[in-house]
Amino acid sequence: MGYYSGPRPGKSRYTKDDYLWVVTPEFAAAYCMPSEFIDKTLKGAEAIAYKLVYEGAENCGFGGNKEACSRRTAHGFEIYYKSSLQLPSVSSTKYNYRAFYMIPSSKHLIGPHSIGTDKDRQAWEAERPGSQRRFKGWGLVGVKGPKPVWPITALREIQYIEELLPGYNYLSVEGSMGYFSNPRYEKLGVTQFALRLDKPGDTRDDEQKDLRSDYGHVIHLPELFIAKIRQVDKQGDQAFRELLKQALPEVFRKAAPQ
């Protein structure tokens, strides 16, 4: 069906690949993906490409320190799944690209448009082609058996393209970093994680649900894949702590043991 243009043994020219991949054997065969990308425990999607996402421009002035600057980072998942899957959606759009989340531009220096009511907001967003979300309710959870026990983060839709590849739809979602380091949940010893899509109208907490019946869709992530993502998350959490130290040095000096 196609080929992977990233680095491969024996290739002198290639496209630099900043993603961490996991793919099914079928997808790897269709697009000539390296065998090291394959993990048969990936269920619910055919391929996932992950990378740390840097959003927008840097913001400065934390704690009143004009030199304390930070650029928001997020977990970015790009999902390829079979177009034959009928996932519950909130619109019938075939294309959505909320580009302002992903690409730094001069827009980041200008405040958001002032919108009065929810009705006004819906009308304003609907005027822009591609602004309508396909889905609502994606999230990342830690699981034990069929039960979600660790809600990591909600995931917002960034881009959706129907049939981006023959037989495959494409969806990219992003979510906040730092929640893998929650001491309360780390004690649970969770090693299995999943991307899940809520059923429309279901507002129950994840801990009240069952993976087998209470979600619109579930993608089970391989343990080795999520272990690498957890390491990225810890690095992001540490970077945020360093920013706090730079922004509020007096607070951290007082807290330091004498």
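Because the structure is predicted, anything quoted here is derived from the model rather than measured.

Trainee: Help me understand the overall build of the protein, please; the structure alone is not making it clear to me.
Mentor: Scanning the protein from N- to C-terminus turns up five helices and eleven strands. Expressed as a percentage of its 258 residues, the buried residues of the protein come to 38%. Excluding contacts between residues fewer than 6 apart, the proportion of contacts in the protein whose partners are at least 24 apart in sequence is 68%. Here the protein displays about 15300 Å² of accessible surface, and carbon together with sulfur accounts for 53% of that area.

Trainee: In this structure, what is going on with the nonpolar core? I would like to understand it.
Mentor: Generally speaking, soluble globular proteins have nonpolar side chains that are buried together. Of all hydrophobic cores here, the largest spans 29 residues; its most connected members are Ile48, Phe77, Ile79, Trp138, Leu140, Leu195 and Ile219. At the level of secondary structure, the elements contributing two or more residues to this core comprise strand E2 (47-54), strand E5 (73-82), strand E7 (138-144), strand E8 (147-165), strand E9 (168-176), strand E10 (192-198), strand E11 (215-221) and helix H4 (223-247). Of all the elements, E8 adds the most residues to this core, at four residues. Those residues in contact with isoleucine 48, other than ones at most four positions away along the chain, are Leu20, Trp21, Val22, Leu42, Phe77, Glu78, Ile79, Leu195, Ile219, Leu221 and Phe225. By size, the runner-up hydrophobic cluster in this structure holds 15 residues, among which are Tyr4, Met33, Tyr168 and Tyr170.

Trainee: I keep staring at unusual backbone geometry and nothing clicks. Help me out?
Mentor: In most cases, non-glycine residues show a negative phi, while peptide bonds are predominantly trans. One non-glycine residue, cysteine 32, lies in the positive phi region at around 55 degrees. Mapping cysteine 32 onto the fold places it in the loop between helix H1 (25-31) and E2. Residue classification places cysteine 32 among the partly exposed residues on the basis of a relative accessible area of 41%. Although it is not a glycine, glutamate 163 sits at a positive phi angle of roughly 55 degrees. With respect to the helices and strands, glutamate 163 occurs in strand E8. Relative accessible area serves as the criterion here: at 41%, glutamate 163 is assigned to the partly exposed category.

Trainee: Just to check I follow, could you spell out the side chain of threonine 24 for this structure?
Mentor: Within the secondary structure, threonine 24 is located in the loop between strand E1 (20-23) and H1. Take threonine 24: its relative accessible area is 9%, and that puts it in the buried class. Among residues more than four places away in sequence, those in contact with threonine 24 are Ile38, Leu42, Ala45 and Glu46.

Trainee: Whenever I open this one, the confidence of the model for the protein confuses me. Can you help?
Mentor: Per-residue confidence for the protein gives a mean pLDDT of 86, with 82% of residues at or over 70. Confidence, read as mean pLDDT per element, is least for helix H5 (residues 249-255) in the protein (59) and greatest for E11 (98).

Trainee: Looking at this model, I keep getting lost on the packing of aromatic side chains. Mind explaining?
Mentor: The geometry of an aromatic ring pair is captured by two quantities: the separation of the ring centres and the angle between the planes. Taken as a whole, this structure holds 16 aromatic pairs when the rule is applied. Ring geometry for tryptophan 21 and tyrosine 80: centres 6.2 Å apart, planes at 25 degrees, overall stacked. With a gap of 59 residues between them, tryptophan 21 in strand E1 and tyrosine 80 in strand E5 connect regions that are remote in the sequence. On the basis of an interplanar angle of 35 degrees and a centroid distance of 5.1 Å, the ring pair of phenylalanine 27 and tyrosine 31 is categorised as tilted. You can see phenylalanine 27 and its partner tyrosine 31 sitting in helix H1, four residues apart, about one turn around the helix. Taken as a pair, phenylalanine 27 and tyrosine 31 share a single burial class, namely buried.

Parameters and conventions
- Residues numbered from 1 in each chain as written.
- Predicted model: local features only at pLDDT ≥ 70, side-chain atom pairs only at ≥ 80, totals over all residues.
- Heavy atoms only, no water.
- Helix = DSSP H or I, 4+ residues; strand = E, 2+ residues; numbered from the N terminus.
- Buried < 20%, exposed > 50% of the residue type's maximum accessible area, 1.4 Å probe, protein only.
- Contact = heavy atoms within 4.5 Å.
- Areas by Shrake-Rupley, 256 points an atom, 1.4 Å probe, with all protein chains shown as cover.
- Core = buried A, V, L, I, M, F, W, Y, C linked by side-chain atoms within 4.5 Å.
- pLDDT = per-residue confidence, 0-100.
- Phe/Tyr/Trp six-rings, centres within 6.5 Å; stacked < 30°, edge-to-face > 60°.

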